[in-house]
Amino acid sequence: MSILSLAIKALRMPPRKLAQKICARLGRWRAQRSERSHDLRLGTWDNEPPPGPFQWRLRELPLPQRNLEELTTVAEVCRRHLDHRYDLLGSGWIRWEHGVVCPGLLGHRFPPGRSMSADTAGTWLAGQVPTSCLANSQALWRLVSPDYRPHDWQLDARSGYRWSATIWHRDIRYGHLLGVDVKLPWELARMQHLPLLAQAYAHARRGDAGGWETADRYAQEIQNQILDFCAANPPRFGVNWACTMDVAIRVANWLLALDVLHAAGAQLNPRFLAAAGSAVRAHGRFIASHLEWDPVARGNHYLADLAGLAWTGAWLPADDETDSWLALAWRELTAETQRLFQADGTYGEASTAYHCLATETVVYGTLAIAGLSAARQARMQVAIPYPHPAATRPSTPPAQSGFPSTHWQTLARAATAIRDFTTPDGGIALIGDDDSGRFIRWRPAYRLISGREAHASYLDLDPRIDSPDQPFPDLDHRDKRAVAGAILAWSSDAELAAWAAIQGTDETVLTVALGDAGLPNSTTHPPPGGSAPNLPLVKADALRTWTTSAVAHRQETNFAATPGSPLTDGLLFRAFPDLGLWIWRSPRLFLAVRCGPSGLPGLTGHAHQDQLAIELHLDGRAVVRDPGSFIYTPVSEERRRYRSRCAHRAPEPTSAVMSDVPLAPFAAIDSDGQCLYAATDGFVGIAGVAPHAICRWLDIGATGIVIRDLIPGSSRVAAVNSVAPALAYGRRSRSGTQPP
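Residues numbered from 1 in each chain as written. Predicted model: local features only at pLDDT ≥ 70, side-chain atom pairs only at ≥ 80, totals over all residues. Heavy atoms only, no water.

Peer 1: When you look at the sheet that holds strand β6 (residues 572–576) in this model, what are you seeing that I'm missing?
Peer 2: The pairing of strands in a sheet comes from backbone hydrogen bonds and takes either a parallel or an antiparallel form. Sheet architecture is open: 5 strands sit in the order β6-β7-β8-β9-β10, paired in antiparallel fashion. On the outer flanks of this sheet lie β6 and β10 (621–624), each paired with one strand and no other. Each adjacent strand pair in this sheet contributes to an overall mean axis angle of 15°, direction not counted. Alignment of strand β7 (residues 581–585) against strand β8 (residues 589–594), held across 5 bridges, turns out to be antiparallel. Looking at β8, one finds that R585 is bridged to F590. Against the sheet, helix α14 (residues 405–421) contacts β6, β7 and β8, and its axis sits at roughly 60° relative to β7. (Pairing = 2+ DSSP bridges. Helix = DSSP H or I, 4+ residues; strand = E, 2+ residues; numbered from the N terminus. Axes fitted to C-alpha atoms, helices over the stretch in contact; angles between N-to-C directions. Contact = heavy atoms within 4.5 Å.)

Peer 1: Just to check I follow, could you spell out the side chain of H608 for this structure?
Peer 2: Tracing the backbone through its elements, the reader meets H608 in the loop between β8 and β9 (614–618). Judged by relative accessible area, which is 0%, H608 ranks as buried. Engagement of the side chain of H608 in a polar contact is seen with the backbone oxygen of Y642, the distance being 3.3 Å. For H608, the contacting residues outside a window of four places in its chain are G432, D433, G628, S629, R639, Y642, R643, H648, I669 and S671. (Buried < 20%, exposed > 50% of the residue type's maximum accessible area, 1.4 Å probe, protein only. Polar contact = N/O pair within 3.5 Å; in protein donor to acceptor, adjacent residues only side chain to side chain.)

Peer 1: Looking at this structure, I do not really get the packing of aromatic side chains. What am I missing?
Peer 2: Given two aromatic rings, their pairing is described by the distance between the two centres and the angle made by the two planes. Counted according to the given criterion, the structure contains 24 aromatic pairs. Plain terms: the ring middles of W141 and Y148 are 6.0 Å apart, the flat faces sit at 55° to each other, and that makes the pair tilted. A centroid spacing of 5.5 Å and a plane angle of 45° characterise the contact between F630 and Y642, whose relative ring orientation is tilted. Of this pair, F630 sits in the loop between β10 and α20 (636–643) while Y642 sits in helix α20, and the two are 12 residues apart along the sequence. Members of the aromatic cluster, each reached through a chain of ring pairs, are W311, W315, Y364 and F439. Of note, R80 hangs over the ring of W93, and the distance from its end group to the ring centre comes to 5.2 Å. The side chain of K183 reaches across the aromatic face of Y729, ending 5.4 Å from its centre. (Phe/Tyr/Trp six-rings, centres within 6.5 Å; stacked < 30°, edge-to-face > 60°. Lys NZ or Arg CZ within 6 Å of the ring centre and 35° of its normal.)

Peer 1: I'm lost on helix α10 (residues 300–315) in this one. Help?
Peer 2: Residues three or four positions apart in an α-helix share a direction because the helix packs 3.6 residues into each turn. Under the 1.5 Å per step criterion, the end-to-end length of α10 is 23 Å for 16 residues, consistent within 8% with the ideal 22 Å. With 15 of 16 residues buried, α10 lies mostly within the body of the structure. (Expected span 1.5 Å × (residues − 1).)

Peer 1: When you look at the sheet that holds strand β13 (residues 694–700) in this model, what are you seeing that I'm missing?
Peer 2: The strand order across the open sheet formed by 5 strands is β5-β14-β13-β12-β11, and the pairing between neighbours is antiparallel. Each edge of the sheet is formed by a strand with only one pairing partner; in this case those strands are β5 (554–560) and β11 (673–679). Across this sheet, the average inter-strand angle for adjacent strands is 10°, counted without regard to direction. Examined bridge by bridge, β13 and strand β14 (residues 704–710) share 6 bridges and lie antiparallel to one another. Opposite D699, over in β14, you have V706 as the bridge partner.

Peer 1: Please explain the pattern of salt bridges as it appears in this structure.
Peer 2: Working definition: two side chains of opposite charge can pair if their charged atoms are close together. One pass over the full model with this rule turns up 47 salt bridges. Taking the shortest distance from any N to any O, the salt bridge between R419 and D420 comes out at 3.3 Å. For the residue pair R419 and D420, the accessibility class agrees, reading buried in each case. D420 serves as the salt-bridge partner of R574, at 3.2 Å between the closest nitrogen and oxygen. One end of the pair, R574, is in strand β6; the other, D420, is in helix α14, and 154 residues separate them in sequence. (Salt bridge = Lys/Arg side-chain N within 4 Å of Asp/Glu carboxyl O.)

Peer 1: Teacher, can you tell me more about unusual backbone geometry here?
Peer 2: Most peptide bonds take the trans form, and the phi angle of most residues other than glycine is negative. For L612, which is not glycine, the phi dihedral falls at a positive 70°. Position of L612 relative to the elements: it lies in the loop between β8 and β9.

Peer 1: Is there a simple way to explain a positive patch on the surface in this structure?
Peer 2: The grouping of K17, K21, R25 and R28 at the surface amounts to a positive patch. The topology assignment puts K17 in helix α2 (residues 15–42). (Patch = residues over 30% accessible without salt bridge, like charges linked within 9 Å, V, L, I, M, F, W, Y side chains within 5 Å. Areas by Shrake-Rupley, 256 points an atom, 1.4 Å probe, with all protein chains shown as cover. Lys, Arg positive; Asp, Glu negative; His and termini not counted. Charge placed at Lys NZ, Arg CZ, Asp CG, Glu CD.)

Peer 1: So what exactly am I meant to see when it comes to the pairing of β11 here?
Peer 2: Regular strands place their side chains on alternate faces of the sheet. Of all 7 residues in β11, 5 are buried; the element is thus mostly enclosed. Across 6 bridges, β11 lies against strand β12 (residues 682–687) in antiparallel orientation. Residue pairing across strands places C675 opposite G685, the latter belonging to β12. Between the end of β11 and the start of β12, which pair antiparallel, lie 2 residues.

Right, here's the structure in full:
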């Protein structure tokens, strides 16, 4: 926010409230100044004995059932991870190490940093970490295998820009340099590839086909990478401590990977386990003291903080501190799930991708607590919760032990909604933002394609990094089916179970293993969705308005199906009025229309100007698809393009310009819509304010879809200004789906 904006905001405040805010800000500034000084002088590793042995949770190995093709693909992906090559947020399969030459983003590229020759004593870390943390970092590095090469954890491997682990976490700046994306080092440091490496250990140890390395190679790599991260990223220093959500996701993935190794019979180094225990405790302390809480604008980040706190408390031995973390996570997950998931079963940030992320996050946070032993549950329920950042939050525990039945029902409805969002090609119908975020990637949807096919399919790939002559593991980030399948461990929805079996996403082994006896036997829940306005008179009156309007203000588009059975055979209609999404599906048709609110109060930053936009698939072929998000902060003009009306398949007035989209990347967009009619035969909706409201009518017939648009006050209906579809964050397709 600019100084001028702050001044205007301050002048509009009552004097008493302004004085309170100034005092609070001064108090935070003084506290942070003291914390920074302490950390720089004394270091950030607590010189305490290790917390004790991990409380392993997996009594059996929850490996997914994979065919030979998937085993071969996973083996290839893990082979690249062993070589420190990752394809994250559009980076291409780059080796994430010191001195690497990066491909650049839209022409923005920084020169490579210096290469690093890492000696076994850790002297190379001098200058890489604060002096106060150097001795601890070197002690951790001495536990790493002699032939191991360090990652460059501070690197944006797309632009080549580097942050520094000598900078205190609250002093880290991002979003101010053109072409630089802080999400790339954050994505690597989530370390979501470690559970897959742990599965590779189990496959190799079991002797499965696929072309694996020796099992011990995977186990040693996991230990080395955790030690590498800890040595090069002391707590509270560097870019990877700047966002609590990423700290929480990282520690959960560490714990899952180590638990899988333990369940598979790996013998882990006791000195490593002691160091890992101290690092996990440091993560828990950081999360608990840096919760991303806000009186209004708290959403998926706060949910991830709570889930990470639950995992940390559950896997460390019981004591007053870990009990307080669990007590806080239990209370807050219960309350926030009911606050953020709406009456129609959807999450309140106006984005189907964030609905999937929030659902998965709460599921894993819930399982961490539900699977605790009876003795640990009893300790949690009487423990004094860790002090909440809002002193006014209720400190009394829920009336019942564990999670209430409404909590499990909410999760089941949210996961079942993902089934309804799923398109015929296995992705989801997108509205709003999509940053390809996940909490845990237990079974990532990779397919192995040729390098030439990858270069023919995607923009921005660099042949110096991804050779056209080499195979290319391609991850489908829009495939969220496993999130829906995960809740079958407690849902009694027979329709969902049948769908998951057909889709191959009945992934209940992991959820059962984590939840254990804490899972409810069988949860019944109403189907997701809500009611829709469906008075036939409204539709008839709307059509009459369209036919009597000036020709210059209206447009008609027809999508004809190929000859065959009627599109309407077996047609199902789903209404999600709180999310603002209306879906029709049959064996030959998938149609989604966006029309509704732009998110709960304070949670509108992920909404797009996509009111009345459609996503259409005919006979399994994508005809019209949402363009996605591409990037957030590196290039503001691209961010605005992908949020704008011009990028979406929606009626657009000729007056629509890019200036309608806020400059700030997550500023609220004034983009609510209203559904007037929705039923199996069609839809009527409006966006904007009369007399300039834009209207859209859809007729769903046996042989095709007819769309009629009306834009009062416009001399004509403008053509859509297409953008290259972003099939994942940072990755654009060379070809889009264009209407005829």
